[in-house]
Amino acid sequence: MVVTFNVTGGEQGGWAVLHVSGELDLVTSPVLRQRVHDVVAEGNHCLVLDLSEVFFCDSSGVGVLIAARRLIRSCQGRLRLVLPARGAADGSHVNRVLGALGVRRLFDVYGDVDAALGDEGEPLSA
């Protein structure tokens, strides 16, 4: 798994963006968990997780997403996920996994990073 990080400035409301690609599983989930904690520790409480290039996610990956939501909410922050309907080859695997587990409704989901960063964009329906 590869995780890259950047913070968008001022006009976008100061959102931090983590771009995640590859597999989100038992081996790689701790890396994402740590990056989320690092971002929050740096004072970024508005976070976009771009998961559009994640092609596999297991229950440990879902656990990290739920833990990230809990952490961000405890800081009165906001978490948005980027899970395009068609991404990472033939569709967002993470989107399907979250839907199958019945937890997708817990997240504000957007089709791309630009929509997630915009204040006027509405999340995609569950």
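Here goes a summary of the coordinates provided.

### Here we look at helix α2 (residues 59-74)
Thinking step 1. The first and last C-alpha atoms of α2 sit 22 Å apart over 16 residues, in line with the 22 Å expected at 1.5 Å per residue.
Thinking step 2. Packing partners of the buried residues in α2 comprise β2 (16-24), α1 (29-41), β3 (46-57), β4 (78-82) and α3 (93-101).
Thinking step 3. In the segment just after α2, Gln 76 is the residue with positive phi, at about 55°.

### So, the nonpolar core
Thinking step 1. Ranked by internal contacts, the top residues of the largest apolar core, which has 28 residues, are Leu 32, Leu 47, Leu 49, Leu 51, Leu 81 and Leu 98.
Thinking step 2. Of all the secondary structure elements, the ones that give two or more residues to this core are β2, α1, β3, α2, β4 and α3.
Thinking step 3. With six residues, α2 is the largest single contributor of residues to this core.
Thinking step 4. Setting aside residues up to four positions removed in sequence, Leu 49 forms contacts with Leu 18, Leu 32, Val 36, Leu 65, Leu 79, Arg 80, Leu 81 and Val 82.
Thinking step 5. Grouped together as the second largest cluster of nonpolar side chains are nine residues, Val 48, Val 82, Val 113 and Ala 116 included.

The rules behind the values
- Residues numbered from 1 in each chain as written.
- Predicted model: local features only at pLDDT ≥ 70, side-chain atom pairs only at ≥ 80, totals over all residues.
- Heavy atoms only, no water.
- Helix = DSSP H or I, 4+ residues; strand = E, 2+ residues; numbered from the N terminus.
- Expected span 1.5 Å × (residues − 1).
- Contact = heavy atoms within 4.5 Å.
- Core = buried A, V, L, I, M, F, W, Y, C linked by side-chain atoms within 4.5 Å.
- Buried < 20%, exposed > 50% of the residue type's maximum accessible area, 1.4 Å probe, protein only.

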